[in-house]
Amino acid sequence: MSISALSKIEQAKADRCGLELEPELEQLSKEGWQKLDEADLVIRLKWLGIFFRPVTPGRFMLRLRLPNGVITSEQLALLADAVDLCGTEGSADITTRQNLQLRGLLLEDIAPLLLKLKAVSLTSRQSGHDNPRNITGNPLAGIDPEELINTKPLVDAIEAQLLGPAGPRNLPRKFNVAVGGANDSFLLHNDLAFLPSYWQGEIGFTVFVGGFFSAQRNALAIPLGVWLRPDQLPGFSLALLLHYQAHGNRVSRGKSRLLYLVEELGLESYRQQLIAAFEEPVILHDGSHLVNKPPRSCLGVHSQAQAGLHWLGLHVPMGRLDAETMAQLAYLANTYGNAELRFTEAQNVLITNVSSENLMPLLAEPLLQRLRPEPGMFQAEAVSCTGSRYCSFALFQTKSTAQTVLEQLEQRLELPHALRSHWTGCPNACGQPYMGDLGFMGTKIRYNGEMVEAVKIFIGANLGADPKLADLLHKGVPISGLVDVLEPLLLEQFGAKVRG
């Protein structure tokens, strides 16, 4: 491809890799963010996990890598201090990729923070833009009584390969990798998904490729037709991403995700090219796997695979944390568990390895009045994108709106089971509305002669044995009247009952 054919973004990436900015951060902060080259500010800094937010100029976001969603109390306490330094501008969001993103940081605070992160084995490297994003796995890895295979060491090994010296530095677009370890590991929204599968009595993984959500198209991953041993996952992941880096579309960003490359080459040709690039024997496979039920919420008290130990799942409303809450969580994990916490794709948090004698004292802690182990059925599995508070693409305040709507519904109705609701502020679908029992996407409609905030409503996703994306139900419902529209829908289709 000739250089003249590159898009503006691709040209900026070709000119310089964002990783080269790291040793210059301190000097750049002294000069002031306003003097940064535009490509450095809005593109290249994201290679270091640093995000300029137009709606909060001068206050940056830092996205962490937390493979498999695992974090220690020491690490979380450090992040709490960083958020606290931001005062009223500071907060942290749990994302749908099991990681954290810190908000409200000044550019001059980031260089010293990165050094502190390194000291506790944390990094924000390549967590944004056209890079392999945080690698997800079973949040209960290593402690799950229902576990088929422990994903944590596999995720760590894949991360080490992709961020190592041979890893990709300039992908055509972002890339999501996930490893499933239990029957409820729904992963088909990822570009590359490893689903647990048996081959002649041996546990391994069948490979799926091409899942993604975007403003242009939404698709579930499809079987590649390859089965791998667990030890092959890191090398295969590297080979696949390097192939994508070499052959992905760099002219039209709307057609640059992995699925478009698979379609361009044809599945058979693509598979053969990957096998050749991997240079290890693989087994051709029909794509059958062991994932056959929707993801567990993991909330509440549960017995671990280890006798006498438990995990406690806590609901984090809309996934947002403040500095004080982060510090308290670190304290609880350190006091009652083994100083380890896990984040889930449902934006909740788990405290692990709690002994039986520590359960009652932990459940009596005041923090659990806010982060409830057993939230209402409307709250438990609600997921939300950032919203217009921090994102210039979002068309409404997703987190506060969702919280208000769900609280009002909870006051009116009872549900027989948790409602999986996904809220996103725009068609980019960061809140994954196509994965919900109900999904909500921000839009604008004319109502009573005025343009007002509204949502499209999607219904009926299946994350179990017969996966499907949610279908569009309403093209636009004013947020002001959303509760009144949802109430009869929940009564008719979700088994809700009016509270007495």
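First things first, this report covers the structure right here in the doc. It should be emphasised that the depicted structure is a prediction, and the values quoted were computed from it without experimental measurement. (Residues numbered from 1 in each chain as written. Predicted model: local features only at pLDDT ≥ 70, side-chain atom pairs only at ≥ 80, totals over all residues. Heavy atoms only, no water.)

1. A closer look at the overall build of the protein
Part 1 of the reasoning: Along the backbone of the protein there are 13 helices and 24 strands.
Part 2 of the reasoning: Relative to the 2.2 N^0.38 estimate, which gives 23 Å for 500 residues, the radius of gyration of the protein is 22 Å and therefore close to what a compact globule would have.
Part 3 of the reasoning: Considering only C-alpha atoms, the protein reaches an extent of 70 × 60 × 55 Å along its principal axes.
Part 4 of the reasoning: When each of the 500 residues of the protein is scored for burial, the buried share is 59%.
Part 5 of the reasoning: Of the roughly 19,700 Å² of accessible surface on the protein, a fraction of 52% belongs to carbon and sulfur atoms.
Part 6 of the reasoning: Each charge class in the protein was averaged separately, 45 positive and 52 negative side chains, and the resulting centres sit 5 Å apart. (Helix = DSSP H or I, 4+ residues; strand = E, 2+ residues; numbered from the N terminus. Rg over C-alpha atoms; globule rule 2.2 N^0.38 Å. Buried < 20%, exposed > 50% of the residue type's maximum accessible area, 1.4 Å probe, protein only. Areas by Shrake-Rupley, 256 points an atom, 1.4 Å probe, with all protein chains shown as cover. Lys, Arg positive; Asp, Glu negative; His and termini not counted. Charge placed at Lys NZ, Arg CZ, Asp CG, Glu CD.)

2. Quick look at the environment of phenylalanine 60
Part 1 of the reasoning: Considering the arrangement of structural elements, one finds phenylalanine 60 in strand β2 (residues 60–63).
Part 2 of the reasoning: Remark: the alpha-carbon pair of phenylalanine 60 and aspartate 144, spanning 84 residues in sequence, is separated by 37 Å.
Part 3 of the reasoning: With near-sequence residues (within four places) excluded, phenylalanine 60 lies in contact with Trp33, Leu41, Leu45, Ile50, Phe51, Phe52, Leu102, Arg103, Gly104, Leu105, Leu107 and Ile110. (Contact = heavy atoms within 4.5 Å.)

3. Some details on the pattern of salt bridges
Part 1 of the reasoning: Per the counting criterion, the structure on display carries 29 salt bridges.
Part 2 of the reasoning: When the shortest N-O distance is used, the salt bridge between glutamate 10 and arginine 253 registers 4.0 Å. Taken together, the residues span a long stretch of sequence, with glutamate 10 in helix α1 (residues 8–15) and arginine 253 in the loop between α7 (233–247) and α8 (258–265) at a distance of 243 residues.
Part 3 of the reasoning: According to the relative accessible area criterion, arginine 253 is partly exposed, its value standing at 22%.
Part 4 of the reasoning: Between arginine 16 and glutamate 20 there is a salt bridge; the shortest N-O distance is 3.1 Å.
Part 5 of the reasoning: Each of Glu10, Lys13, Asp130, Arg250 and Arg253 takes part in a single network of salt bridges with overlapping partners. (Salt bridge = Lys/Arg side-chain N within 4 Å of Asp/Glu carboxyl O.)

4. Examining the packing of aromatic side chains
Part 1 of the reasoning: Per the counting criterion, the structure on display carries eight aromatic pairs.
Part 2 of the reasoning: The interplanar angle of 55° and the centroid separation of 6.0 Å between the aromatic rings of phenylalanine 52 and phenylalanine 60 together place this pair among those described as tilted. Note on accessibility: phenylalanine 52 and phenylalanine 60 belong to one class, buried.
Part 3 of the reasoning: Aromatic pair tyrosine 434 and phenylalanine 458: ring centres 5.0 Å apart, planes at 70°, arrangement edge-to-face. With tyrosine 434 in the loop between β20 (420–424) and β21 (438–447) and phenylalanine 458 in strand β22 (residues 450–459), this residue pair connects regions lying 24 residues apart in the sequence.
Part 4 of the reasoning: Residue tyrosine 434 is classed as buried on the basis of its relative accessible area, which comes to 9%.
Part 5 of the reasoning: The buried category is assigned to phenylalanine 458, whose relative accessible area is 6%.
Part 6 of the reasoning: An aromatic cluster of at least three residues, connected via ring pairs, comprises Trp33, Phe52 and Phe60. (Phe/Tyr/Trp six-rings, centres within 6.5 Å; stacked < 30°, edge-to-face > 60°.)

5. Remarks on the nonpolar core
Part 1 of the reasoning: The biggest cluster of nonpolar side chains holds 60 residues, and the ones touching the most others in it are Leu79, Leu100, Leu102, Leu117, Met326 and Leu329.
Part 2 of the reasoning: Of the residues forming this core, the biggest block, seven residues, is contributed by helix α10 (residues 323–336).
Part 3 of the reasoning: Not counting residues up to four positions away in its chain, the partners in contact with leucine 79 are Leu64, Ile71, Leu100, Leu102, Leu117, Leu122 and Met326.
Part 4 of the reasoning: Formed by 33 residues, the second largest nonpolar core is a distinct cluster that contains Ile149, Leu192, Val209 and Val226. (Core = buried A, V, L, I, M, F, W, Y, C linked by side-chain atoms within 4.5 Å.)

6. Details of the packing of α10 against helix α11 (residues 356–363)
If you want to describe how two helices pack, look at the angle between their axes and the distance between the axes.
Part 1 of the reasoning: Where α10 meets α11, the closest approach of the two axes is 10 Å, and the angle between their N-to-C directions is 155°. In terms of axis orientation, α10 runs roughly antiparallel to α11. Of the two possible hands of crossing, α10 and α11 adopt the one that is right-handed. Residues Leu332, Thr335 and Tyr336 of α10 form the contact with α11, whose participating residues are Asn358, Pro361 and Leu362.
Part 2 of the reasoning: Looking at side-chain class alone, the contact of α10 with α11 contains four nonpolar, two polar and no charged residues. (Axes fitted to C-alpha atoms, helices over the stretch in contact; angles between N-to-C directions. Parallel < 35°, antiparallel > 145°, perpendicular 65-115°, else oblique. Left-handed = near helix turned anticlockwise from the far one by under 90°. Nonpolar A, V, L, I, M, F, W, Y, C, P; charged D, E, K, R; others polar.)

7. Observations concerning unusual backbone geometry
Peptide bonds are, in most cases, trans, and in most cases residues other than glycine have a negative phi.
Part 1 of the reasoning: Not every positive phi belongs to a glycine, and alanine 339 is a case in point at roughly 70°.
Part 2 of the reasoning: Of note, the phi angle at glutamine 432 is positive, near 55°, even though the residue is not glycine.
Part 3 of the reasoning: Looking at the element boundaries, glutamine 432 is found in the loop between β20 and β21.
Part 4 of the reasoning: A relative accessible area of 8% places glutamine 432 in the buried class.

8. A word on the sheet that holds β21
Part 1 of the reasoning: Strand order in the open sheet made by the five strands is β18-β20-β21-β22-β23, with mixed pairing throughout. Only two strands of the sheet have a single partner each, and these edge strands are β18 (381–384) and β23 (471–478). Here the strands of the sheet are splayed against their neighbours by 25° on average, with no regard to which way each runs.
Part 2 of the reasoning: Pairing between β20 and β21: four bridges, direction parallel. (Pairing = 2+ DSSP bridges.)

9. Points about the pairing of strand β11 (residues 222–228)
Part 1 of the reasoning: By the criterion of burial, β11 is predominantly enclosed, with five of the seven residues buried.
Part 2 of the reasoning: Here strand β8 (residues 202–209) runs beside β11; their pairing, made up of four bridges, is antiparallel. Paired with valine 209 across the strands is isoleucine 222, a residue of β11.
Part 3 of the reasoning: Across two bridges, β11 lies against strand β12 (residues 283–284) in antiparallel orientation. Note on β12: the bridge partner recorded for valine 226 is leucine 284.

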